[in-house]
Amino acid sequence: MENSAGLGGITLVLAAVVWLFIFVPGYTKRSQIKETTKLIQSARRTQEKSRVQTDDDRLRRLISTQRGFSVIFILATLAALASVVAATAQNSWWFGFAIVFPLSLGSLIVQRAAAGQAAKLAGNIHRARQRVRASASKSQAQIVKDRQWSPNPLPTPMPEVRKGELVQPLAEVIEISSPKKSLAAKEIDEILARRRAI
């Protein structure tokens, strides 16, 4: 009986040690990872807010605004038509029409304004790109024009040399008085044998 109680205490101590050395550091690392992720996301959001919008970004936002208010206009128009149909059956639906119809007109006005600004901005972007393309094609044409083939100049002809007459001596001529001794096959074999022995 005493052994089982002692083993239970040892088991409890081991479980506490495992908890302290394995699970607690895991929890702290997980919380550090979460905090780091939050810091990175907030830094990215502040960087996106501070970034200067380009014309393409503005055009994209105007187009999404135009599409969003087009959907609102269609839904509000359908709701206005439904409220008119319901109002003809019951007089209590006129307040729905009075609420939805101005919403429909307002969304149409905002959608048309966004479409006008988007068209103007798209025209400016298109003209700027056309200017860049025209200047690039001009510079490319200049490069192609510079690359056109031109014949290599011919070398000047050599001066005529009269036969039998040396104009300039090319090198000094030295006679070999004693030729170098050539080795016989037996001597070459001996030299190679000595080298192989090393």
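Because the structure is a prediction, the values reported are computed rather than measured. Once a new chain begins, its residue numbering starts again from 1 and follows that chain's sequence as written. Only residues with pLDDT of 70 or above have their local features reported here, since the model is predicted, and side-chain atom pairs are shown and tallied only from 80 upward, although totals for entire chains, interfaces and linings are computed over all residues. The side-chain quantities take in all heavy atoms of the structure and omit both hydrogens and water.

Visitor: Could you clarify how one ought to interpret the overall build of the protein in this entry?
Guide: Across its full length, the protein holds four helices and zero strands. Traced from its N-terminal end to its C-terminal end, the protein shows the element sequence α-α-α-α. Partly exposed describes any residue whose relative accessible area lies between the buried limit of under 20% and the exposed limit of over 50%, with all areas from a 1.4 Å probe on protein chains only and scaled to the type maximum. With 198 residues in all, the protein has 10% of them scored as buried. The contact criterion used throughout is that any non-hydrogen atoms of two residues lie within 4.5 Å. When contacts within the protein are restricted to residue pairs at least 6 apart in sequence, those whose partners lie at least 24 apart make up 65%. Here the accessible surface of atoms and residues is derived via Shrake-Rupley with a 1.4 Å probe, and residues count as covered only by protein chains that are part of the display. Accessible surface, the protein as shown: approximately 18100 Å² in total, 64% of it carbon and sulfur. Under the DSSP-based scheme used, a helix requires at least four consecutive residues in state H or I and a strand at least two consecutive residues in state E, with every element numbered from the N terminus.

Visitor: Which parts of the structure should I look at to understand helix 2 (residues 55-89)?
Guide: In an α-helix, one turn spans 3.6 residues; hence positions three or four apart end up facing the same way. Look at helix 2: 51 Å from first C-alpha to last across 35 residues, which is about the 51 Å you get at 1.5 Å a residue. Those residues of helix 2 that sit buried are D57, L59, L62, A76, A80, S83, A86 and A87. Multiply 1.5 Å by the residue count of a helix minus one, and that product is the helix's expected span.

Visitor: Looking at this model, I keep getting lost on the confidence of the model for the protein. Mind explaining?
Guide: Low pLDDT marks regions whose predicted coordinates should not be analysed in detail. Predicted confidence across the protein gives a mean pLDDT of 81, with 89% of residues reaching 70 or more. For every residue, the predictor states its confidence as a pLDDT score lying anywhere from 0 to 100. Ranking the elements of the protein by mean pLDDT puts helix 1 (residues 2-50) last with 79 and helix 4 (residues 185-197) first with 88.

Visitor: Can you help me understand the pattern of salt bridges in this one?
Guide: When the charged atoms of two side chains with opposite charge come close together, those side chains can pair. Salt bridges, as used here, are contacts in which a Lys or Arg side-chain nitrogen is within 4 Å of a carboxyl oxygen on Asp or Glu. Within the structure shown, the criterion is met by four salt bridges. A salt bridge links R58 to D55; the nearest nitrogen and oxygen atoms lie 3.6 Å apart. In this pair, R58 and D55 are both assigned in helix 2, three residues apart and thus about one turn of the helix distant. Using a relative accessible area of 39% as the deciding quantity, one classes R58 as partly exposed. Judged by its relative accessible area of 40%, D55 falls in the partly exposed class. In this structure, R129 engages D56 in a salt bridge whose closest nitrogen and oxygen atoms are separated by 3.3 Å. Taken together, the positions of R129 in helix 3 (residues 94-146) and D56 in helix 2 put the pair 73 residues apart, joining distant regions of the chain.

Visitor: Got a minute to help me understand the nonpolar core in this structure?
Guide: Most often, soluble globular proteins have nonpolar side chains that are buried together. Throughout, nonpolar core names a set of buried Ala, Val, Leu, Ile, Met, Phe, Trp, Tyr and Cys residues whose side chains join them through atoms within 4.5 Å. By size, the foremost hydrophobic cluster in this structure holds six residues: L59, L62, A114, A118, L121 and I125. For this core, the secondary-structure elements that each account for two or more residues are helix 2 and helix 3. If you tally residues by element for this core, the top one is helix 3, at four residues. Residues within four places of L62 in sequence aside, it is in contact with A114, Q117, A118 and L121.

Visitor: Explain the environment of R58 here, please?
Guide: Taking C-alpha positions, R58 is 8.3 Å from L121, a pair spaced 63 residues apart along the chain. Once residues lying within four places of it in the same chain are set aside, the contact partners of R58 are Q53 and L121.

Visitor: Sorry if this is basic, but what is going on with a nonpolar patch on the surface here?
Guide: Excluding any residue in a salt bridge, patches collect residues exceeding 30% relative accessible area, merging like charges within 9 Å and nonpolar Val, Leu, Ile, Met, Phe, Trp and Tyr side chains within 5 Å. Taken together, V13, V17, V18, W19, L20, F21, I22, F23, V24 and Y27 make up a surface patch of nonpolar side chains, about 980 Å² in accessible area. Residue position: L20 is located in helix 1.

Visitor: Teacher, can you tell me more about the side chain of S104 here?
Guide: The residue S104 is located in helix 3 in this model. Given the relative accessible area of 5%, S104 is considered buried. If we skip the residues at most four places from it in the chain, S104 touches F73, A76 and T77.

Visitor: Looking at this structure, how should I read helix 4?
Guide: With 13 residues, helix 4 should reach 18 Å at 1.5 Å per residue; the first-to-last C-alpha distance of 18 Å fits that figure. Little of helix 4 is tucked away, with zero of its 13 residues classed as buried.

Visitor: Before we go on, may I ask you to explain the side chain of S83 in this structure?
Guide: Looking at where S83 falls in the secondary structure, it is placed in helix 2. Excluding residues that lie within four positions of it along the chain, S83 makes contacts with W93, G96 and F97.

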